[in-house]
Every structure is written in C-alpha cells, then in structure tokens.
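# Remarks on the overall topology
Spelled out, the chains give:
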Amino acid sequence: MFLDVTARRNPALIRAAAALQQSGAIPANTYVLDLDTVRANARVMAAEAKRVGIRTYLMTKHYNRNPLITHAALAQGLDSTVAVDVQCVQALRRFDLPVGHVGHLVQIPRHDLPAVLSTRPEVMTIFSVDKARQVSDAAVALGMVQGVMLRVRADGDLIYPNEEGGFWLADLDAAAKEIAQLPGVRIAGVVTFPGTLFDPATRQLEPAPNFQTVLRARDRLTELGFRIDQVNTPGAGSTRGFEMVARLGGTVAEPGHGLTGTTPTHLYDDTAPERPAMVYVSEVSHLFENRAYVVGGGFYACDTPAAVGDDSRFRTRPWEPHAFVGRDPGAILDTRVPVDVGSFFGRTANATDYYGGTLVPAEPVDIRVGDTAVYAFRPQAFTTRAFVAVVSDVETEPRVVGLFDRANNLVDRDGQPYEDTRARVRELTGRA
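Being a predicted model, the structure only gives us computed values, none of them experimental. (Residues numbered from 1 in each chain as written. Predicted model: local features only at pLDDT ≥ 70, side-chain atom pairs only at ≥ 80, totals over all residues. Heavy atoms only, no water.)

## So, the overall build of the protein
Scanning the protein from N- to C-terminus turns up 12 helices and 20 strands. Computed over the C-alpha atoms, the radius of gyration of the protein is 22 Å, within 12% of the 22 Å expected from 2.2 N^0.38 for a compact globule of 432 residues. Considered along the principal axes of its C-alpha atoms, the protein spans approximately 70 × 50 × 45 Å. Within the span of the protein, comprising 432 residues, buried residues form 57% of the whole. Summarising the internal contacts of the protein: among those between residues at least 6 apart in sequence, 68% fall at separations of at least 24. Accessible area for the protein stands at about 17,300 Å²; split by element, carbon and sulfur atoms hold 48% of it. If the 45 positive side-chain charges of the protein are averaged to one point and the 50 negative ones to another, these points end up 4 Å apart. (Helix = DSSP H or I, 4+ residues; strand = E, 2+ residues; numbered from the N terminus. Rg over C-alpha atoms; globule rule 2.2 N^0.38 Å. Buried < 20%, exposed > 50% of the residue type's maximum accessible area, 1.4 Å probe, protein only. Contact = heavy atoms within 4.5 Å. Areas by Shrake-Rupley, 256 points an atom, 1.4 Å probe, with all protein chains shown as cover. Lys, Arg positive; Asp, Glu negative; His and termini not counted. Charge placed at Lys NZ, Arg CZ, Asp CG, Glu CD.)

## Notes on the environment of alanine 376
One can find alanine 376 in the loop between strand E18 (372–375) and strand E19 (387–392). Alanine 376 sits 98 residues away from methionine 278 along the chain, and the two C-alpha atoms are 7.1 Å apart. If sequence neighbours within four positions are ignored, alanine 376 has contacts with Met1, Phe2, Leu3, Thr6 and Val279.

## A closer look at helix H9 (residues 209–223)
For H9, built from 15 residues, the straight-helix expectation of 21 Å at 1.5 Å per residue is met to within 8% by its first-to-last C-alpha distance of 22 Å. For H9, every residue scored as buried is listed here: Asn210, Phe211, Thr213, Val214, Leu215, Ala217 and Leu221. Following H9 by one or two positions, glycine 225 has its phi on the positive side, about 105 degrees. (Expected span 1.5 Å × (residues − 1).)

## Description of helix H10 (residues 239–248)
Because the α-helix completes a turn every 3.6 residues, residues three or four places apart line up on one side. Those residues of H10 that sit buried are Thr239, Gly241, Phe242, Met244 and Val245. In the core, the buried residues of H10 are packed alongside helix H3 (35–52), strand E2 (55–59), strand E9 (196–199), strand E10 (204–207), H9 and strand E12 (252–253).

## Here's the deal with the pairing of strand E1 (residues 30–34)
Of all the five residues making up E1, five are buried; the element is thus mostly covered by neighbouring parts of the structure. Side chains Thr30, Val32 and Asp34 project from E1 onto one buried face, and the interleaved Tyr31 and Leu33 project onto a second face that is buried too. Examined bridge by bridge, E1 and E19 share five bridges and lie parallel to one another. In the strand pairing of E19, tyrosine 31 is matched with valine 388. Bridge count for E1 against strand E13 (residues 278–288) is four bridges, and the pairing is antiparallel. Note on E13: the bridge partner recorded for threonine 30 is valine 281. (Pairing = 2+ DSSP bridges.)

## A word on the nonpolar core
Membership of the largest hydrophobic core comes to 129 residues, with the highest contact counts inside it found for Leu150, Ile179, Ile187, Leu221, Leu259, Leu359 and Tyr375. The contacts of tyrosine 375, once residues within four sequence positions are left out, are Leu3, Val279, Tyr280, Val294, Phe299, His322, Ala323, Val339, Phe344, Gly356, Gly357 and Leu359. (Core = buried A, V, L, I, M, F, W, Y, C linked by side-chain atoms within 4.5 Å.)

## Re the pattern of salt bridges
Scanning the model with the defined rule gives 25 salt bridges in all. The salt bridge involving glutamate 48 is made with arginine 51; its shortest N-O contact spans 2.9 Å. Pair noted here: glutamate 48 and arginine 51 are both in helix H3, with a separation of three residues, about one helical turn. Judged by relative accessible area, which is 52%, arginine 51 ranks as exposed. The shortest N-O distance in the salt bridge between aspartate 79 and arginine 55 comes to 3.9 Å. In this pair, aspartate 79 is assigned in the loop between helix H4 (67–75) and strand E3 (80–83) and arginine 55 in strand E2, connecting sequence segments 24 residues apart. Given the relative accessible area of 32%, arginine 55 is considered partly exposed. Several salt bridges share partner residues, and in doing so they unite Arg327, Asp366, Arg368 and Asp371 into one network. (Salt bridge = Lys/Arg side-chain N within 4 Å of Asp/Glu carboxyl O.)

## Describing the packing of aromatic side chains
Counted according to the given criterion, the structure contains 10 aromatic pairs. Judged by centre distance (4.9 Å) and plane angle (90 degrees), the rings of phenylalanine 299 and tyrosine 375 are edge-to-face. Of this pair, phenylalanine 299 sits in the loop between strand E14 (291–295) and strand E15 (322–326) while tyrosine 375 sits in strand E18, and the two are 76 residues apart along the sequence. With respect to burial, phenylalanine 299 and tyrosine 375 carry one shared label: buried. Members of the aromatic cluster, connected to one another through ring pairs, are Tyr31, Tyr280, Phe299, Tyr375 and Phe377. (Phe/Tyr/Trp six-rings, centres within 6.5 Å; stacked < 30°, edge-to-face > 60°.)

## Structural notes on the packing of H3 against H10
Packing of H3 against H10 leaves a shortest axis separation of 9 Å and a crossing angle of 15 degrees. Taken together, the axes of H3 and H10 lie roughly parallel to each other. Of the two elements, H3 crosses H10, and the hand of that crossing is right-handed. Contacts between H3 and H10 involve Val44, Met45, Glu48, Ala49, Arg51 and Val52 on the former and, on the latter, Thr239, Phe242, Glu243 and Ala246. (Axes fitted to C-alpha atoms, helices over the stretch in contact; angles between N-to-C directions. Parallel < 35°, antiparallel > 145°, perpendicular 65-115°, else oblique. Left-handed = near helix turned anticlockwise from the far one by under 90°.)

## Section: the packing of helix H7 (residues 129–141) against helix H8 (residues 172–179)
Two numbers describe how H7 lies on H8: the axes approach to 10 Å, and their chain directions differ by 15 degrees. Judged by the inter-axis angle, H7 sits roughly parallel to H8. Remark: the crossing between H7 and H8 carries right-handed chirality. Across the interface between the two elements, Val129, Ala132 and Arg133 of H7 pack against Ala175, Glu178 and Ile179 of H8. For the contact of H7 with H8, the per-class residue count stands at four nonpolar, no polar and two charged. (Nonpolar A, V, L, I, M, F, W, Y, C, P; charged D, E, K, R; others polar.)

## What about unusual backbone geometry?
The residue after phenylalanine 193, namely proline 194, is reached through a cis peptide bond having omega -5 degrees. Its place among the elements puts proline 194 in the loop between strand E8 (185–191) and E9. Positive phi is not limited to glycine here, since asparagine 162 has a value of about 65 degrees. As for its placement among the helices and strands, asparagine 162 is situated in the loop between strand E6 (146–153) and strand E7 (167–168). With relative accessibility at 76%, the residue asparagine 162 sits in the exposed group. Positive phi, normally seen in glycine, also occurs at alanine 236, with a value near 55 degrees.

This is the structure in structure tokens:
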C-alpha cells in the first residue's frame, strides 16, 4: 500500500533495507525503521500539537513498542505514550518510558492492575463499572487515586471487529454516579475509537460519527458536576489533523502510524509533513510455478471494514500490493513486482505466514533464490514474529543501531540476545 509513496519520499530507506539484508547485517523477516526520519516526523508532530494546544500520546504497538524509536520520538517533544494493552505497559516499564494512557483498546486484566498502576499512568480507560471497581481496589491498595476515561458508545458509531465495549450514552448517568462512589478512581475524561478518519473525497482527516458521541458524553458529565480534563478521539492521527481535533473540542491526539508516515493521509498527500519511515524486508525462499515465495513472519493485512456502522465514506482505494525485489540494492527500485493479495488476506487454510507476500510477476522477471524483497504496508508489528531493525544514516552509509527480536530483546545478527538489553538500550539512548 505504501510502497510507491515510500519510493517517492524516502527511496534511500528502501535501498538501505535491501543493502543491509543483502550484506547479511539484518535477517529476512525484519521491519526496518529509519531513526532519522522518525525523529523528524516526531518533531513536526510535537510542534503542531503544541501550536493548537493538544497533548500527544504516542501509540507504540505498530513498531512493536521498540524502545529506541519510542525514546527518540519522545525526545522530540511528544508528551507521553498510549499503551494499548498490558504488554505495552510492560515494555514501557522495562525501558523506563512514561505511560500516559492505558487500557484502550484492551482492558487491563485484574491481576495486572497493581503493576500497571505502579507506573502512575496519567489516565486509564475503562469499559464498565466492574472494571472501575477493580481499578479502584488496586489503586486504594497503592494509596493513590487513578484518573479514568469512560469509553462511550451511541447508535450510529463506527465499531471495528473485536473492539466492542463501553458505556452506552443512555446508561452514562447511572454508571458515572456509581463510579463516583469508588474511592480509588475519579472520572477524568471520555474516549472513543475511531474518533477521526481520513476521507479520500476531501483528502482530509474528518470526524467520525463517534466524535459527536464523546462530545455529548463530555457535556452530560459536566452537567453532572464532573471535571472532564480529556476528550480523546484517536484515529488515523497525524499532523494534518491536529488542528481539526482541537477545533472540534478534542484535547488529545494519539499518533501511531503518523510517526512512521503510514496513515491514509500519507497515501494520498505527498506534501504531508511526515515521511514514510518503515518498511518490511525479507528474502525469496524458492520459486515454484511462476511464483516467488518469500520468507514470512511479519506480513500483516489491515483492511477491515467496520463491524457496526457504515464506514464506506472513509474507505481508501483498493489495496494492490507490490514489492521491490532484487539482489542489487542500488537498482532495487527498478523491479516492482505484483504480490498475490491472497498471501496477505484470506489465509484461512493456514493462517501462519510461513511464506507471504508471494511475488507473481506479470511479465518475465529475473528473480532468484536469495533476492531481497522490500514491502511497505500499514504495519502492526506487535502481532508478528518479525525482527525490528532500527537504522540510521540511510542517505549516506546505512548502519544498524539496534536489532531486536519480537520480545524487544536486543540481539546479535544470529538472533541471540545480549545479556542486558536494558543497559544497552540506555547506552544507545544516552541515558547510561
């Protein structure tokens, strides 16, 4: 999906990824992140957020919560992080990174609450009074009061598969009054997802129906006497949408793909301030019946329509995956090959991507076993078993700053973890 825009706006990253894989510096099945471009993207996002007066919570799951990337982004002025699940919190805690917003989209299991609350998150999203009660009990035991965000829902909202849950507006009064009686929590705000989405017709980030829902919830809770500090409306967030969020009453943005230049805005707008900063690189394993099979482990397909509500207005153009392939990094941009869509989608017979992104040349192409294949799609690296390589100086002499396994252990080229990842990361980030 993002192959062509990456080739236009950051071709050096594609060539660097190919060179590092061909030389053996990084393995097949690796997400490659351009550290310098990440810094530049974070810098423009932080400046724009401050200009319009909203806070920024960085979503880290897309790049598998990599500590070098998170630290670099926060160092440019982004405020804090959003932990989508308990594993995000654990990764942030391991590397002494701040936790801003936790529990959205995934609620924190009750036995993990004490450890999560000990990180002193700014806010925690809850979907139910029962969860509020669990949070309160854990907070009281720690001698604290935790600010909670109520995830709110109304008829007409968009809801994606497996993301159901929250407080219906009709039940909000009763739920809020019950939560107000709990000694370990206070209602600090309201949240939804998706609050904003990209509209290909206007080529702008626009409010989803859910945005109006959180504003109604904010107003009702204010009428009931609650002080609402946060109105959180994440969705496809990047610099281009921050002003709109603030103008409509939002107080927080949660950029994730904005950091890596992989939102729909970047797909349609080459003038967007952020540039693509992430590709996926692997290797041709074998050839069979006019197809080139590529070593898998990191392929991810993200093109799911809403399970509730009509999101057709926000659907981008059909996905037509391609890859650059070759053995000469300097010429890899010359060979762009179609990819079998089914090797991303519809792997119902065998969902494990032993091989993926299968190359299906429309005309004869010189593809050989061992060639590098470079892809650029919207990643969710935390769902995969891929490596993550953080690289720098892609325009001049590309080098690997750090190679990480799926558990965020710093590893050598053979995938063997170093003895003390935490200490090494502190050295790499200048915090030793």
